[in-house]
Amino acid sequence: MDKVEEARHDQRESDESERGSRRWARRAVRWRESVRSCPSTNRLYRLAVGLLGGAIVVVGLALVPLPGPGWVIVFVGLAALATEFVWAARLEQFARKQVSVWTIWILAQPLYVRAAVALGTSALAVACFWITFLVIGVPGWVPADLIPAWTGLESRR
């Protein structure tokens, strides 16, 4: 009997949580419709979404050659833009399809091809860091004795 009551309790909690999220979604839809009803507010909102989404995409693109979630950040920015702009929704769908095609292709390749792609991507990331540090200098917080002389890099101190 205890397990039955526990299951009912878990189901009630799940139902309450689902109702809460639906309530939040309904409020968000009503709020967005109220913003759409006023042309000047709607323009300002779309401008804010465009600037924020665009900034997220730019940051994501800057992070693509570096190790980390660069493409994820680009897709988050595109998703933000797609909430307001049809062209961004189409671009996001196209990009998702291309990533899916690439993933299927790369997974179908032999291990040595995947290793070569990973090595090439890593070399690109290292080259981006090296060029960046060559142009702007190595940050001052990096100890100078950790910078090999053969790299041609100098600290900004």
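For clarity, every value in this text was computed on a predicted model and none was experimentally measured. (Residues numbered from 1 in each chain as written. Predicted model: local features only at pLDDT ≥ 70, side-chain atom pairs only at ≥ 80, totals over all residues. Heavy atoms only, no water.)

Draft legend 1. View of the overall build of the chain. Helix and strand content of the chain: five helices and zero strands. Split into buried and exposed, the 157 residues of the chain put 18% on the buried side. Of all intrachain contacts in the chain linking residues separated by at least 6 positions in sequence, the fraction that spans at least 24 positions is 28%. Here the chain has roughly 12,000 Å² of accessible surface; of this, 67% comes from carbon and sulfur atoms. (Helix = DSSP H or I, 4+ residues; strand = E, 2+ residues; numbered from the N terminus. Buried < 20%, exposed > 50% of the residue type's maximum accessible area, 1.4 Å probe, protein only. Contact = heavy atoms within 4.5 Å. Areas by Shrake-Rupley, 256 points an atom, 1.4 Å probe, with all protein chains shown as cover.)

Draft legend 2. View of the confidence of the model for the chain. On average, residues of the chain score 84 in pLDDT, and 86% of them are at 70 or above. For the chain, per-element mean pLDDT is lowest for helix α1 (residues 2-37), which scores 71, and highest for helix α4 (residues 86-108), which scores 93. (pLDDT = per-residue confidence, 0-100.)

Draft legend 3. Highlighting the side chain of Glu84. Within the secondary structure, Glu84 is located in the loop between α3 (70-82) and α4. Residues in contact with Glu84, not counting those within four places in the same chain, are Arg32, Arg36, Tyr45, Arg46 and Val49.

Draft legend 4. Fine view of the environment of Gly140. Structurally, the position occupied by Gly140 is in the segment after α5 (111-136). Taking the relative accessible area as the measure of exposure, Gly140 reaches 28% and is therefore partly exposed.

Draft legend 5. Quick look at the packing of α4 against α5. Between α4 and α5, the least distance of the axes is 7 Å, while the angle of their chain directions is 125 degrees. With respect to each other, α4 and α5 are oriented oblique. Judged by residue contacts, Trp102, Trp105, Ile106 and Leu107 of α4 engage Val113, Arg114 and Val117 from α5. (Axes fitted to C-alpha atoms, helices over the stretch in contact; angles between N-to-C directions. Parallel < 35°, antiparallel > 145°, perpendicular 65-115°, else oblique.)

Draft legend 6. The arrangement of the nonpolar core in detail. Residues Val49, Val57, Val74, Phe75, Leu78, Leu81, Phe85, Ala88 and Ala95 constitute the largest nonpolar core, which totals nine residues. Top element by residues in this core is α3. It accounts for four residues. In this structure Phe75 touches Glu92, Ala95, Arg96 and Val99, once residues within four positions along its chain are discounted. (Core = buried A, V, L, I, M, F, W, Y, C linked by side-chain atoms within 4.5 Å.)

Draft legend 7. Local environment of a positive patch on the surface. A surface patch of positive charge is lined by Arg23, Arg26, Arg27 and Arg30. Relative to the assigned elements, Arg27 resides in helix α1. (Patch = residues over 30% accessible without salt bridge, like charges linked within 9 Å, V, L, I, M, F, W, Y side chains within 5 Å. Salt bridge = Lys/Arg side-chain N within 4 Å of Asp/Glu carboxyl O. Lys, Arg positive; Asp, Glu negative; His and termini not counted. Charge placed at Lys NZ, Arg CZ, Asp CG, Glu CD.)

Draft legend 8. Quick look at the packing of aromatic side chains. Throughout the structure, instances matching the rule amount to four aromatic pairs. Geometry around Phe75 places Arg96 over its ring, the cationic atom sitting 5.7 Å from the centre. (Phe/Tyr/Trp six-rings, centres within 6.5 Å; stacked < 30°, edge-to-face > 60°. Lys NZ or Arg CZ within 6 Å of the ring centre and 35° of its normal.)

Draft legend 9. Representation of a nonpolar patch on the surface. A cluster of nonpolar side chains, Trp130, Ile131, Leu134, Val135 and Ile136, forms an exposed patch at the surface whose accessible area comes to about 490 Å². Looking at the secondary structure, you find Ile136 in helix α5.

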